[in-house]
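A look at the structure
For reference, the chains in residue letters:
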Amino acid sequence: MDYAAVAVIGTQWGDEGKGKIVDYLVEKADVIVRYQGGPNAGHTVVVGEETYKLHHLPCGVISEGKISILGNGMVLDAVTLCSELEAMEEKRSMQEHLFISDRAHLIMPYHKRMDELEEDYRKGAKIGTTMRGVGPAYADKVTRMGLRCGDLLDEDTFKQKLAFILKNKNTILEKIYGVDGFSLEDFEAEFFPFARRIVPFITDTTVMLEEEMEKGSKILFEGAQGAMLDIDHGTYPYVTSSNPITGGICIGAGIAPHKIGQVVGVAKAYSTRVGSGPFPTELLDETGDSIREKGNEYGTTTGRPRRIGWLDGVALRHSCRLNGTTFLAVTLLDVLSGLEKVKIAYAYNVGEEVVNNFPSGLHILEKSIPLYQEFEGWAEDISSARSKTDLPRAAQEYLRGLESITGIKVGMVSVGPRRDQTIMM
Ligand code: GDP
Ligand code: IMO
Ligand code: MG
């Protein structure tokens, strides 16, 4: 791919294997940028004998000599970030390789507390968040009650702002939720030692990114979550609090839309979802269980079993349109080996109507019954396939079916977690 800037975006409900695809593409990149989300992300990369599970740092940090940027659109938890930094710095210094936006918002200890309390409040309608404080931190950004990484550059002023915000937070915690608030002293041990550790990495990353592009550096944007969890375009309110879609890059990294060259839409060969919310193609049977076990479908961040379903072509069309997907990278195709039949939803039945576009209303999604195109399965283990022709005919037919349902070409296929288990189509 000879574009200056390539975006790797999740097209489903997250966990599509974005980490693996970024790791595959990273060789040709100079700068890897995260533009939204926070430690709710869990990106797994397998390199040789080592497995990396990254929540905050982009997967580019694993490869030597690359620049990693945490963009202004992210929300950062200094504690999680420090633990990832320390693990990486056992190998090499991150100074000169990691840059944190001065405009990125901080996840504070009270955000994590609020995440728990708000979930409790929802009772029967829990979102099933990752409890990392992501939603409350974004909420404070929008109500202009947030603290940004740049604020840390002057600790005295930071403390004054924190004291002001704490009055408001403590009123909510004590008067509405009836729990203890926070004192400024609480932050001395729980927050500041970690915050001070990230200070040397904080800078204006938008200027840096522009300079890198002018130099001719290749940029890789690493999406977190997926289009169906997008705050605007996903299954609201069962979504995350940021914009994972391509448009989120312009806001969250601070670059102009025309600078994004190619958009790789990462799609699992079936569907998964963690947490609550509509999932029309969900499989609540033995087929779902067997895919979960074979695909090791347990959350990277929380360890929760992921819900499993057939590939949802309606959701995929919706997300490919929103993302401007250049081509699809289909992952975990190897997991479907051994099934007699495999299915892709091409439309939904809602009452008497056939619906082709992903509905926004939960009341409609609840009544949506997928209409499936059925494909022959394949028995062969495909994890050592390295070219299109190594794939069984039935697997090739499945990919062709996916292309015709979505109208988007499959440009890459992943048949295992390792870098070499990748087919360029
Ligand atoms: P992300 O959040 O989109 O980066 O995805 P996760 O890392 O949370 O989940 C994807 C999981 O599938 C990880 O454990 C990967 O190592 C693994 N994986 C990625 N691609 C493949 C593949 O093609 N086949 C198999 N079997 N596993 C894969
Ligand atoms: P990656 O980057 C899968 C889900 C949570 C919950 C909802 C809101 O690994 O693909 P939040 O903590 O963001 O407020 O939770 O979003 N969720 C993810 N699901 N992969 C992720 O990230 C996710 N990040 C958040 O399970 O349903
Ligand atoms: Mg994940």
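Residues numbered from 1 in each chain as written. Chains lettered and ligands numbered in written order. Predicted model: local features only at pLDDT ≥ 70, side-chain atom pairs only at ≥ 80, totals over all residues. Heavy atoms only, no water.

1. Observations concerning the overall build of the chain
What counts is decided by this rule: Counting from the N terminus, the helices are DSSP H or I runs at least four residues long and the strands are E runs at least two residues long. Using a 1.4 Å probe on the protein chains alone, a residue whose accessible area is under 20% of its type maximum counts as buried, one over 50% counts as exposed, and one in between counts as partly exposed. Throughout, a contact is declared for two residues whenever any of their heavy atoms are within 4.5 Å. Throughout, the Shrake-Rupley method with a 1.4 Å probe supplies accessible areas, and for residues the shown protein chains are the sole cover considered. For the purpose of charge, His is not counted, nor are the chain termini; Lys and Arg are scored as positive and Asp and Glu as negative. We put the charge of a Lys on NZ, of an Arg on CZ, of an Asp on CG and of a Glu on CD.
Regarding its fold elements, the chain presents 13 helices and 20 strands. Its C-alpha atoms put the chain at 65 × 50 × 40 Å along the principal axes. Considering the chain as a whole, with its 425 residues, one finds that 57% of them fall into the buried category. Considering only residue pairs separated by 6 or more positions, the chain has 76% of its internal contacts joining residues 24 or more positions apart. Element-wise, carbon and sulfur atoms account for 50% of the exposed surface of the chain, whose accessible area totals about 17800 Å². One way to put it: in the chain the 47 positive side-chain charges average out to a point 2 Å from where the 60 negative ones average out.

2. Some thoughts on the site of ligand 1
Operational definition: Nearness here has a simple test: a residue counts as near a molecule or strand if at least one of its heavy atoms is within 4 Å of that partner. Any pair of nitrogen or oxygen atoms within 3.5 Å is treated as a polar contact; in protein, a donor-acceptor pairing is required on top of that, and neighbouring residues in sequence qualify only through side-chain atoms on both sides. All amino acids are sorted into three groups, where Ala, Val, Leu, Ile, Met, Phe, Trp, Tyr, Cys and Pro are nonpolar, Asp, Glu, Lys and Arg are charged, and the leftover types, Gly among them, are polar. Each domain's extent is set by a domain assignment, obtained either automatically or from a database.
In the vicinity of ligand 1, 18 residues are found, and the nearest of them are Lys18, Gly42, Thr44, Asp334 and Ser414. Backbone polar atom of Thr44 to an oxygen atom of ligand 1: 2.8 Å apart, as the coordinates give it. Val415 places a main-chain nitrogen or oxygen 3.5 Å from an oxygen atom of ligand 1. Against a free-state accessible area of 580 Å², the protein chains account for coverage of 91% of ligand 1. Mapped onto the shell around ligand 1, the elements with two or more residues apiece are α1 (18-25) and β3 (43-47). The element contributing the most residues to the shell around ligand 1 is α1, with three residues. Split by residue class, the shell around ligand 1 holds four nonpolar, eight polar and six charged. There are two domains that each give the shell around ligand 1 at least three residues, and those are domain 1 (5-101 + 202-263) and domain 3 (266-424).

3. A short note on the coordination of the magnesium ion (ligand 3)
Reference values for coordination geometry: four tetrahedral donors around a metal ideally subtend 109.5 degrees, six octahedral donors ideally subtend 90 or 180 degrees. Going by this rule: Because no water is among the atoms considered, metal sites can look incomplete, with donors defined as N, O and S atoms within 2.8 Å of the metal, or 3.2 Å for Na, K and Ca.
Those donors, Asp15 (OD) and Gly42 (O), are the protein atoms that reach the magnesium ion (ligand 3), and they lie 2.0 to 2.1 Å from it. Placement of the pair is Asp15 in the loop between β1 (5-10) and α1 and Gly42 in the loop between β2 (31-34) and β3, with a sequence separation of 27 residues. Note on accessibility: Asp15 and Gly42 belong to one class, buried.

4. Some remarks on the packing of aromatic side chains
The condition that has to hold: Aromatic pairing here means that ring centres of Phe, Tyr or Trp (its six-membered ring) are within 6.5 Å. Orientation follows from the plane angle: under 30 degrees is stacked, over 60 is edge-to-face, and everything else is tilted. Criterion for a charge above a ring: Arg CZ or Lys NZ at most 6 Å from the ring centre, at most 35 degrees from the ring normal.
Per the stated rule, a full pass over the model turns up 11 aromatic pairs. Taken together, a centroid distance of 6.4 Å and an interplanar angle of 80 degrees make the contact between Phe187 and Phe191 edge-to-face. Of the two residues, Phe187 and Phe191, both sit in the buried class. Members of the aromatic cluster, joined through ring pairs, are Tyr110, Phe158, Phe182, Phe187, Phe191 and Phe192. Across from the ring centre of Phe192, 4.8 Å away, lies the NZ or CZ of Lys159, which sits over that ring.

5. Overview of the site of ligand 2
Around ligand 2, 20 residues are found, and the nearest of them are Asp15, Lys18, His43, Thr130 and Thr240. The contact in question runs from an oxygen atom of ligand 2 to an N or O atom on the side chain of Lys18, over 2.6 Å. Between an oxygen atom of ligand 2 and a side-chain N or O atom of His43, the distance comes to 2.7 Å. When ligand 2 is considered free in solution it has 550 Å² of accessible area, and contact with the protein chains removes 97% of it. Looking at side-chain class alone, the shell around ligand 2 contains seven nonpolar, 10 polar and three charged residues.

6. Focus on the pairing of strand β19 (residues 410-414)
Put simply, the rule is: Strands are treated as partners if at least two bridges between them are detected by DSSP.
β19 sits mainly inside the fold: five of its five residues count as buried. Alignment of strand β15 (residues 327-331) against β19, held across three bridges, turns out to be parallel. Residue pairing across strands places Val330 opposite Val413, the latter belonging to β19. Sheet topology places β19 next to strand β20 (residues 422-424); three bridges connect them, and they run antiparallel. Residue pairing across strands places Val413 opposite Ile423, the latter belonging to β20.

7. Things to note about the packing of helix α11 (residues 313-323) against helix α13 (residues 393-406)
The test is simple: Note on definitions: angles span 0 to 180 degrees between N-to-C directions of axes, and those axes are lines fitted to C-alpha atoms, for helices only across the stretch in contact. By the definition adopted for this analysis, an angle is roughly parallel if under 35 degrees, roughly antiparallel if over 145, roughly perpendicular if from 65 to 115, and oblique otherwise. Each crossing is labelled by how the near helix is turned from the far one, with a counterclockwise turn of less than a right angle marking it left-handed and a clockwise turn marking it right-handed.
α13 packs onto α11 with a crossing angle of 60 degrees between their chain directions and a minimal axis gap of 9 Å. Considering the angle they form, α11 stands oblique to α13. As α11 packs across α13, the resulting crossing turns out to be right-handed. Between α11, through Gly313, Leu316 and Arg317, and α13, the contact on the second element is made entirely by Leu402, Ile405 and Thr406. Here the residues of the contact of α11 with α13 sort into three nonpolar, two polar and one charged.

8. Here we look at the nonpolar core
Applied cut-off: The criterion is simple. A nonpolar core is a set of buried Ala, Val, Leu, Ile, Met, Phe, Trp, Tyr and Cys residues joined through side-chain atoms within 4.5 Å.
Membership of the largest hydrophobic core comes to 56 residues, with the highest contact counts inside it found for Ile100 and Ile198. Contacts of Ile198, omitting those with residues within four sequence positions, involve Ala78, Leu81, Cys82, Leu85, Ile100, Leu106 and Leu152. Among the nonpolar cores identified, the runner-up in size contains 34 residues, and Tyr270, Ile382, Leu391 and Val413 belong to it.

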